[in-house]
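Listed below are the residues making up each chain.
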Amino acid sequence: MAAFGTVFMPEMAISWFDGSSWSTPELVASDSLQLHPGAHVLHYSSTCFEGLKAFRHADGSVKIFRMDKNLDRFEQSSHLLALPPIDKNATREMIIDTVRRFAADVPEAPGSLYIRPTHIGTEAAIGKAAAPSLTSCQYILVSPVGDYFAGGVAALRVLIEDDGMRCATHMGMIKSGGNYASALLPIMKARAEVQADQILFCPNGDVQETGAANFLLIDGDEIITKALDESFLHGVTRDSVLTIARDMGMRISERDITVDELLERAAKPNCEAALSGTAAVLTPVGTFIHHGKEISIGNGGIGETTLKLRKALNDIQWGNSEDKYGWLTEV
Ligand SMILES: *Cc1c(COP(=O)(O)O)cnc(C)c1O
């Protein structure tokens, strides 16, 4: 099985902003993007993206999960990066057109079609280090993906980093390339030095998120996770899991949580921790590493509630339970 996100369908929808309007979207070859080497994005990182999925249901239909929520975030990221405003209706049509074009290639459960809308500043102007790109381009890449847990679910080892941060605070809620570049070396170091799978960034002891996923602490029937603010990415999976959990009668506490409280709760036998994101839905965390010490969460393995919530979300995505929140769009 190819690594996640390395197989692309041969065409993508694309549209260009010329400074005043968007071109009519077209389907073009996925490797046909031409940019000037002085393009703003290549120098000053004027780029943002989205990640969402389409699912094949047992009746053969193909449904996109929470597209409107991703479109809202794409619009917000573009705005906060001073990129030209997207036209959400046009972008929605581009997503639907691309998925429809490759509807026959959407894998069956437990696979899916990963959708990657991308928006980049294209103006060739290397003097614009402190000015926005007046032109831009957006495109919709799609990539069939298999079962994220094909190799079996393993509880992650997560390094708690209470000094450094993932990105500048005012960039946290933007899904933008530079943020991932800024977290890369710390993650590589954590892998090499303490065999951590991820870093949980907790600047000044404030538990935020990992490099590409939100963090949830599940303590019995309570889920504790940081309340939305501009310092971290507002995950659609986070929102979906909290909605489902609330409906199951769990208590949801969206508030700040300190590393001290996290470690204190983690030691309790019925505690679980999980990372949420579109790619893996919910991934259990088994061990924290903090100042050279290893702390098991609950029993150190895969939490029951984590699995239950993941299944409940997957059931909606694949049409095995009712879409009672209206989260699916048929293509
Ligand atoms: C994409 C992302 C998430 C998860 O968002 P979803 O909408 O659930 O996929 C969380 N944190 C970061 C930094 C991300 O880039």
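Relevant structure appears above.
Description of the structure in this document. All values reported here derive from a predicted model rather than from experimental measurement. (Residues numbered from 1 in each chain as written. Predicted model: local features only at pLDDT ≥ 70, side-chain atom pairs only at ≥ 80, totals over all residues. Heavy atoms only, no water.)

What about the packing of aromatic side chains?
Here comes step 1: Tallying each qualifying case throughout the model produces nine aromatic pairs.
Here comes step 2: Judged by centre distance (6.1 Å) and plane angle (50°), the rings of Phe215 and Phe288 are tilted. With a gap of 73 residues between them, Phe215 in strand β10 (residues 214-219) and Phe288 in strand β14 (residues 281-290) connect regions that are remote in the sequence. Considered together, Phe215 and Phe288 belong to a single accessibility category, that of buried residues.
Here comes step 3: An aromatic cluster is present here, built from Phe4, Tyr114, Tyr148 and Phe149 joined pairwise through their rings.
Here comes step 4: Residue placement shows Arg166 over the ring face of Tyr180; its charged tip is 4.9 Å from the ring centre. (Phe/Tyr/Trp six-rings, centres within 6.5 Å; stacked < 30°, edge-to-face > 60°. Helix = DSSP H or I, 4+ residues; strand = E, 2+ residues; numbered from the N terminus. Buried < 20%, exposed > 50% of the residue type's maximum accessible area, 1.4 Å probe, protein only. Lys NZ or Arg CZ within 6 Å of the ring centre and 35° of its normal.)

Details of the site of the ligand
Here comes step 1: Around the ligand, the surrounding shell holds 16 residues, and the nearest of these are Lys175, Tyr180, Glu209, Thr237 and Thr278.
Here comes step 2: The side chain of Glu209 places a nitrogen or oxygen atom 2.6 Å from a nitrogen atom of the ligand.
Here comes step 3: In the model, an oxygen atom of the ligand is placed 2.6 Å from a nitrogen or oxygen of the Thr237 side chain.
Here comes step 4: If the ligand stood free it would expose 380 Å²; the protein chains cover 96% of that surface.
Here comes step 5: When atoms are counted within 2 Å of each cavity's grid points, the one that captures over half of the ligand is the largest pocket.
Here comes step 6: Looking at the shell around the ligand, the elements that each hand over two or more residues are α5 (236-247) and β13 (271-277).
Here comes step 7: Partitioned by chemical class, the residues of the shell around the ligand number five nonpolar, seven polar and four charged. (Near = heavy atom within 4 Å. Polar contact = N/O pair within 3.5 Å; in protein donor to acceptor, adjacent residues only side chain to side chain. Areas by Shrake-Rupley, 256 points an atom, 1.4 Å probe, with all protein chains shown as cover. 1 Å grid on protein atoms, 1.4 Å probe; cavity = no way out; pocket = protein on both sides within 12 Å on 5 of 7 lines; lining within 4 Å. Sits in = over half its atoms within 2 Å of the grid points. Nonpolar A, V, L, I, M, F, W, Y, C, P; charged D, E, K, R; others polar.)

Regarding α5
Here comes step 1: Relative to the 16 Å expected for 12 residues at 1.5 Å per residue, α5 spans 17 Å between its end C-alpha atoms, a close match to the ideal helical length.
Here comes step 2: In terms of burial, α5 is largely enclosed, as nine of its 12 residues are buried.
Here comes step 3: Among the residues of α5, Val236, Thr237, Arg238, Ser240, Val241, Leu242, Thr243, Ile244 and Ala245 are the ones counted as buried.
Here comes step 4: Note on α5: the residue one or two positions beyond its end, Gly249, has a positive phi of about 95°. (Expected span 1.5 Å × (residues − 1).)

Some points on the environment of Asp323
Here comes step 1: In this structure, Asp323 sits in the loop between α7 (304-317) and β16 (328-330).
Here comes step 2: Residue Asp323 is classed as partly exposed on the basis of its relative accessible area, which comes to 26%.
Here comes step 3: Residues in contact with Asp323, not counting those within four places in the same chain, are Ile316 and Leu328.
Here comes step 4: A polar contact of 2.8 Å, which involves the side chain of Asp323, links it to the backbone nitrogen of Trp327. (Contact = heavy atoms within 4.5 Å.)

Re the layout of surface pockets
Here comes step 1: As a volume, the largest pocket reaches approximately 1000 Å³.
Here comes step 2: What lines the largest pocket is a set of 38 residues, among which Tyr148, Gln198, Ala212, Ala213 and Ala279 lie closest to the centre.
Here comes step 3: Here the lining of the largest pocket gets five residues from one element, more than from any other, and that element is helix α4 (residues 177-194).
Here comes step 4: Class assignment for the residues of the lining of the largest pocket results in 19 nonpolar, 12 polar and seven charged. (Points joined across faces, edges and corners; volume = space filled by probe spheres on them.)

Overview of the pattern of salt bridges
Here comes step 1: Counting across every chain of the model gives 23 salt bridges.
Here comes step 2: In this structure, Arg265 and Glu222 form a salt bridge, with 3.7 Å as the shortest nitrogen-oxygen distance. With Arg265 in helix α6 (residues 259-266) and Glu222 in strand β11 (residues 222-225), this residue pair connects regions lying 43 residues apart in the sequence.
Here comes step 3: The class for Arg265 is buried, based on a relative accessible area of 19%. (Salt bridge = Lys/Arg side-chain N within 4 Å of Asp/Glu carboxyl O.)

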